[in-house]
Each structure stands twice: as C-alpha cells, then as structure tokens.
Amino acid sequence: MFIKDKEKLDFALKFSLANKAKTYINQVKRINKLKELIELFKKYALKTKNPEIIDLCEFMKYSIERYNLWVSSQKTARIPKGIVYHIPSSNILLMPFYTWIPSFLSGNINLVRLSNSIQKKEIENLVRILDEVLGPDYQYSQIFFEDNSENLHSSIVSMQCNVRIIWGNNNTINEIKKNQQTNASLDIAFRTRFSAALIDCNYYLRKSLQDKERFTKLFLNDSLNLSFKACSSPHIIFFRGNKEEFATTKKDFLKLLSSNKIKDNFESGIISTENLLKTQKSIIDKKQNFVDELIFGRLFIEKSLDEFSRMNLKDLDHTNCIIRFESIKDFVNSWQKDIQTLTYLPTDNMEFLKKLKNELAFETPDRIVPIGNALKFDVVWDGINFFEVLTKQNISDV
C-alpha cells in the first residue's frame, strides 16, 4: 500500500497491530505471491522499457531460491520478527524493494519509508501492482509511505517496530538514531562503503582483443549503470604487475573504457553530465587539483599504495583511483577496511585470491566476486544474512 498522509499511516499501523494474525501470510502463500509479482513486474518493465525492474525480478527469483534453501537447512522452526521498518537510501531508485523482498519472504509486516530525494511515481506504480497481488486482506501488512512532515511518520513507526533497517551515509544514520528513538530489539545500519576491482596485468595482456572488450564492458556494467552511485561499484582499480606490465595494461584498459558503447549516446550524455558536475565541484572545492583521465565525465587518477593507504575514501564520490602493486604484503599493508566488495578478472591463478583473502583476515571484504557481478544484490549483505536477522528461533513443545 502506498501512503502519503499521516492519518492513513496511523490507521494502517493500528490495523496491522490489531490484526497481526489476519495480516500474516503463510510461507507457501508468500512464495506464490512473489512469483506472481515477478510476472507482473516483468510485463510492466517491458511496457515501460525499464531494465532495472527486470534486474529486480531476477533478484526476487534468486531470493526465493535462497529462502527455500535456507528454510530446508534449519533444524528448528523460525518465525517472523514482527514489524520491520525500512529506511532505504536514495542513491538507487528501486532500493525500497530490494530491502523489502527478504523481509517479506521472512513473513514480516513491513513499513518502507520513501526518501524525499527520489522520484516516487515509479515506486507508486509498482506498489499498485503489489497491492493487486496481495489483495485487500494483506495490503495493510506491506506499506510504502512518504514522510513530508519533518520525519513525524518515521518517529511514529520507529517506536512501533521490532526491527529497523537503515541504509545511508554515516551522517544520515547518526541523525536518524539521534532524532528518532526506537523500541526495536534490533537496529541495523548499512553505512557508506566503497568497492574495488582487481586486474592481473599479466593475465589481461595475454587475452585477445575480444576478451579485453568483454572485460571492459563487464567493468562498465558494474560502474556506469548507476553512475558509480552504488557502494558496490568499483571506485578503485588495483592492477597487479610490474611497471612495464602496468603501463601497457592501464593504457589499453582506459582506451577501451573510453571507446566502449555500452550505453546509447543520450544515456551516456546524462551520465557524463552528472559525473562532470561532481568533477567540477571537486575541483572548485580544491579536493582535486589535477586530472589523469576523464571517462564518461569521471576522474581516473593514479595513486601509489602509500598514498591510497592515507586517502579519505569519501573523496571517491567523484574520483576513481588507479593503483599498482606487485606483492601481497604491500597490498595487505595498504588495504582500507571500508572496502565492501572486491571484483576480479577470472584468472588462471585463483590461488592468489585465496591467499589474499587469508592475509586480509578480519578486514577481508564482505564480497569477492567476478567483475560484472558487483551490483548484484544478495540476501547476505555486509556479512548479514537477512533471513537470519529478520526471523527468530521458536522453541516450543507444542
């Protein structure tokens, strides 16, 4: 249900609290309704020519598979936590649904706050489709709402929820926790993180032009689709190799990136304009004084490992770093713990990646995936399994 005013939100919340048993959707029905939703979302995506909704459908399908596997692995019964309040970030339009899906599968009542910074029309259209699938009996258990009253709605929901999930930068999270008290037994915050790509120069240089073009396309899929806005988009590119290998690989890779036609001219123009505005602001604010490469309006700047180790990763909002290394020891000593995802080119030396993972120990990134998979949302994020934290163990003799 899509809600805009406080009175309707108050009613929906009271109705859900008073009718928990009636609004509860059993496991089989939840899965069937999500499957039905996938088909209707696909039709809508084709009608509106929106590939991001197709990606969302793929995540729903994947989530059902993972949920079934998770349920079958449980030795004791688990039940929903209750009311889950989601505060999604504004950098990804469909983030409200990505955070909602695992919680819906887990059987919870869900309230999702929509950021005032996003265009809500698309969300509203998708919620209407969701309401069709849920029917009148269950609409009040799945609520997407606006908050235009100085966070009044958020404060009300925060006091009633059992779990609160916040997505955003550190300042946003601290502000919410300070000004919106909660009775939730679990308050989860996914803060600002950064990501990197790893390219083995020797492996790259041995590949054909066709393979290299495929690699750059995969890299752009990880980066350009969301204009580097996602925390899992690679803002850092590590090149493993000697100086000569690095110089050749870097020149070739950046040339292919610049010439890639992954987007049409209109879409590329929009992305480049957005990036150029960030670049311009960084230069005006004196955060950046020189430019090595400018690709799709985005700065690409070479840094040494030592410079990177002392770098404030917040500057990666407008810049991509290119860094060369040779030894695992130097790489590990310069690593920054706020790197969430590390993508890599599938290489004939996978033992290197295994050793790297062991050497990083407690600072290992939460995700190590092949290039091209950075933006794939998962039911495990930042090391947290949504199905585990959004349900509770039920110990009963009856």
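Reference entry: report on the structure contained in this document. A quick note: this is a predicted structure, and the numbers were derived from the prediction, not measured.

## Let's talk about the sheet that holds strand E7 (residues 186–190)
Whenever strands of a sheet pair, they do so through backbone hydrogen bonds, lying parallel or antiparallel. The strand order across the open sheet formed by six strands is E1-E5-E4-E3-E6-E7, and the pairing between neighbours is parallel. Of all the strands in the sheet, the pair left with one neighbour each is strand E1 (2–3) and E7. With four bridges connecting them, strand E3 (residues 83–87) and strand E4 (residues 109–114) associate as parallel partners. Bridging across to E4, Tyr85 finds its partner in Leu111.

## Topic: unusual backbone geometry
For Lys49, which is not glycine, the phi torsion reads 55° and is therefore positive. Within the secondary structure layout, Lys49 lies in the loop between helix H3 (27–48) and helix H4 (51–73). At Asp382, a residue that is not glycine, the phi angle is positive and equals roughly 50°. One can find Asp382 in the loop between strand E15 (380–381) and strand E16 (384–385).

## With respect to the pattern of salt bridges
Pairs can form between side chains of opposite charge once their charged atoms are near each other. Applying the stated criterion to the full structure yields 12 salt bridges. Between Arg164 and Asp187 there is a salt bridge, with its nearest N and O atoms 2.9 Å apart. Of this pair, Arg164 sits in strand E6 (residues 163–167) while Asp187 sits in strand E7; the two residues are 23 residues apart in sequence, bridging distant segments of the chain. The exposure class assigned to Arg164 is buried, which follows from its relative accessible area of 1%. Residue classification places Asp187 among the partly exposed positions, given a relative accessible area of 27%. The closest approach of N and O atoms between Asp306 and Arg310, which form a salt bridge, is 2.8 Å. Owing to a relative accessible area of 45%, Asp306 belongs among the partly exposed residues under this scheme.

## What about the side chain of Arg30?
Mapping Arg30 onto the fold places it in helix H3. No salt bridge is formed by the buried Arg30, whose closest oppositely charged neighbour, Glu388, lies at an N-O distance of 14 Å. Within the local environment of Arg30, its side chain forms a polar contact with the side chain of Tyr67, the two groups lying 2.9 Å apart. Beyond its immediate sequence surroundings of up to four residues, Arg30 is in contact with Tyr24, Ile25, Tyr67, Phe104, Leu105, Ser106 and Gly107.

## Structural notes on the nonpolar core
Leu34, Leu37, Phe41, Met60, Phe97 and Trp100 are the most contacted members of the largest nonpolar core, which totals 51 residues. Only H3, H4, helix H5 (95–105), E4, helix H6 (121–134), E6, E7 and helix H16 (386–389) provide two or more residues apiece to this core. If one sorts the elements of this core by residue count, H4 sits on top with eight residues. Apart from residues lying up to four places away in sequence, Phe97 is in contact with Phe41, Leu56, Ile123, Leu126, Val127 and Phe144. Within the second largest apolar cluster, 23 residues are counted, among which are Ala196, Cys321, Ile323 and Leu356.

## Brief notes about the pairing of E7
Regular strands place side chains that alternate from one sheet face to the opposite one. The pairing of E6 with E7 spans five bridges and is classified as parallel. Counterpart to Trp167 in the pairing with E7 is Phe190. Chirality of the crossover, the property in question, places the unit of E6, helix H8 (residues 170–179) and E7 among those that are right-handed.

## Comments concerning the packing of H3 against H5
Running from amino to carboxyl end, H3 crosses H5 at an angle of 150°, the nearest separation of the two axes being 10 Å. Comparing the axis directions of H3 and H5 gives the class roughly antiparallel. Contact with H3, carried on its side by Arg30, Ile31, Leu34, Leu37 and Phe41, involves Phe97, Trp100, Ile101, Phe104 and Leu105 of H5 and no other residues of that element. Among the residues making up the contact of H3 with H5, the classes are represented as nine nonpolar, no polar and one charged.

## Let's talk about the layout of surface pockets
Computed from the structure, the second largest pocket encloses a volume of approximately 180 Å³. Residue lining of the second largest pocket: Lys20, Tyr24, Pro80, Lys81, Gly82, Gly107, Asn108, Ile109, Asn162 and Lys392, and that is the complete set. Residues belonging to the lining of the second largest pocket are distributed by class as follows: three nonpolar, four polar and three charged.

## So, H6
Between its first and last C-alpha atoms H6 spans 20 Å; for 14 residues at 1.5 Å apiece the expected length is 20 Å, and the two agree. Among the 14 residues of H6, 11 are classified as buried, and the element is accordingly described as predominantly covered. Turning to H6, its buried residues number three or more, namely Glu122, Ile123, Glu124, Asn125, Leu126, Val127, Ile129, Leu130, Asp131, Val133 and Leu134. Here the buried face of H6 lies against E1, H3, H4, H5, E4 and strand E5 (142–146).

## Considerations on the packing of aromatic side chains
Working definition: an aromatic ring pair is given by the centre-to-centre distance plus the angle between the planes. Using the criterion set out here, one finds 28 aromatic pairs in the structure. Between Tyr204 and Phe253 the ring centres are 6.2 Å apart and the planes differ by 80°, which places this aromatic pair in the edge-to-face class. One end of the pair, Tyr204, is in helix H9 (residues 201–205); the other, Phe253, is in helix H11 (residues 243–259), and 49 residues separate them in sequence. An aromatic cluster is present here, built from Phe238, Phe308, Phe325, Phe331, Trp335 and Phe352 joined pairwise through their rings. Taking NZ or CZ as reference, Arg240 lies 3.8 Å from the ring centre of Phe352, over its face.

Calculation rules
- Residues numbered from 1 in each chain as written.
- Predicted model: local features only at pLDDT ≥ 70, side-chain atom pairs only at ≥ 80, totals over all residues.
- Heavy atoms only, no water.
- Pairing = 2+ DSSP bridges.
- Helix = DSSP H or I, 4+ residues; strand = E, 2+ residues; numbered from the N terminus.
- Salt bridge = Lys/Arg side-chain N within 4 Å of Asp/Glu carboxyl O.
- Buried < 20%, exposed > 50% of the residue type's maximum accessible area, 1.4 Å probe, protein only.
- Lys, Arg positive; Asp, Glu negative; His and termini not counted.
- Polar contact = N/O pair within 3.5 Å; in protein donor to acceptor, adjacent residues only side chain to side chain.
- Contact = heavy atoms within 4.5 Å.
- Core = buried A, V, L, I, M, F, W, Y, C linked by side-chain atoms within 4.5 Å.
- Right-handed = clockwise from strand over helix to strand, strands pointing away.
- Axes fitted to C-alpha atoms, helices over the stretch in contact; angles between N-to-C directions.
- Parallel < 35°, antiparallel > 145°, perpendicular 65-115°, else oblique.
- Nonpolar A, V, L, I, M, F, W, Y, C, P; charged D, E, K, R; others polar.
- 1 Å grid on protein atoms, 1.4 Å probe; cavity = no way out; pocket = protein on both sides within 12 Å on 5 of 7 lines; lining within 4 Å.
- Points joined across faces, edges and corners; volume = space filled by probe spheres on them.
- Expected span 1.5 Å × (residues − 1).
- Phe/Tyr/Trp six-rings, centres within 6.5 Å; stacked < 30°, edge-to-face > 60°.
- Lys NZ or Arg CZ within 6 Å of the ring centre and 35° of its normal.

None of this, on its own, says anything about what the molecule does.
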